[in-house]
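Here is what each chain is made of, one letter per residue.
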Amino acid sequence: ILIENIDDSINRLLTVINDIGTQQKRLSIREQTLQSSINANNASRSRLIDANLAREASDEIRLRILQQFQVAALSQANVLQARVLDLL
């Protein structure tokens with residue numbers, strides 16, 4: 001009877017160890033899945049930041065071009081006005 005009790009205890013212990021191993025494997029898989037999700041989110045956020053920076057740079061360049069155009073147009077208008085006054 002003592003040997004049977006020891007065998008039963010060993011079998012229960014092996015079952016518990018097996019269950020712990022199974023749970024550990026599940027947790028490991030979940031950890032890998034979450035890490036993949038974190039990496040994908042970080043990559044997406046980085047692409048969004050890059051796109052926003054590119055948009056801001058594009059907007060800034062567009063505004064500079066418009067300002068240069070306005071300065072050139074005003075200069076041209078001043079030249080034309082001076083010529084008209086010279087003609088008078």
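If you're wondering where the values come from, they're calculated on a predicted model, not measured in any experiment. (Residues numbered from 1 in each chain as written. Predicted model: local features only at pLDDT ≥ 70, side-chain atom pairs only at ≥ 80, totals over all residues. Heavy atoms only, no water.)

Asks: What's the story with the overall build of the protein chain in this structure? I'm lost.
Replies: Looking only at helices and strands, the protein chain has one helix and zero strands in total. In summary, the protein chain has a C-alpha radius of gyration of 38 Å against a globular reference of 12 Å for 88 residues, an excess of more than 25%. For the protein chain, the C-alpha atoms occupy an extent of roughly 130 × 10 × 5 Å along the three principal directions. The burial tally for the protein chain puts 0% of its 88 residues in the buried class. Summed over all atoms, the accessible surface of the protein chain reaches about 8400 Å², with 59% contributed by carbon and sulfur. Within the protein chain, one finds 10 positive and 10 negative side-chain charges whose respective centroids are separated by 10 Å. (Helix = DSSP H or I, 4+ residues; strand = E, 2+ residues; numbered from the N terminus. Rg over C-alpha atoms; globule rule 2.2 N^0.38 Å. Buried < 20%, exposed > 50% of the residue type's maximum accessible area, 1.4 Å probe, protein only. Areas by Shrake-Rupley, 256 points an atom, 1.4 Å probe, with all protein chains shown as cover. Lys, Arg positive; Asp, Glu negative; His and termini not counted. Charge placed at Lys NZ, Arg CZ, Asp CG, Glu CD.)

Asks: How should the pattern of salt bridges be read in this particular structure?
Replies: If charged atoms from side chains of opposite charge come close, those side chains can pair. Taken as a whole, this structure holds two salt bridges when the rule is applied. Note that Arg55 and Asp59 form a salt bridge whose closest N and O atoms lie 3.4 Å from each other. Taken together, the positions of Arg55 and Asp59, both in helix 1 (residues 2–87) and four residues apart, correspond to about one turn of that helix. What makes Arg55 exposed here is its relative accessible area of 57%. A salt bridge links Glu60 to Arg64; its shortest N-O distance comes to 2.6 Å. Taken together, the positions of Glu60 and Arg64, both in helix 1 and four residues apart, correspond to about one turn of that helix. (Salt bridge = Lys/Arg side-chain N within 4 Å of Asp/Glu carboxyl O.)

Asks: What am I meant to see in a nonpolar patch on the surface here?
Replies: A contiguous nonpolar patch, built from Leu2, Ile6, Ile10, Leu13, Leu14 and Ile17 and spanning about 600 Å² of accessible area, is present on the exposed surface. Among the secondary structure elements, Ile17 is positioned in helix 1. (Patch = residues over 30% accessible without salt bridge, like charges linked within 9 Å, V, L, I, M, F, W, Y side chains within 5 Å.)

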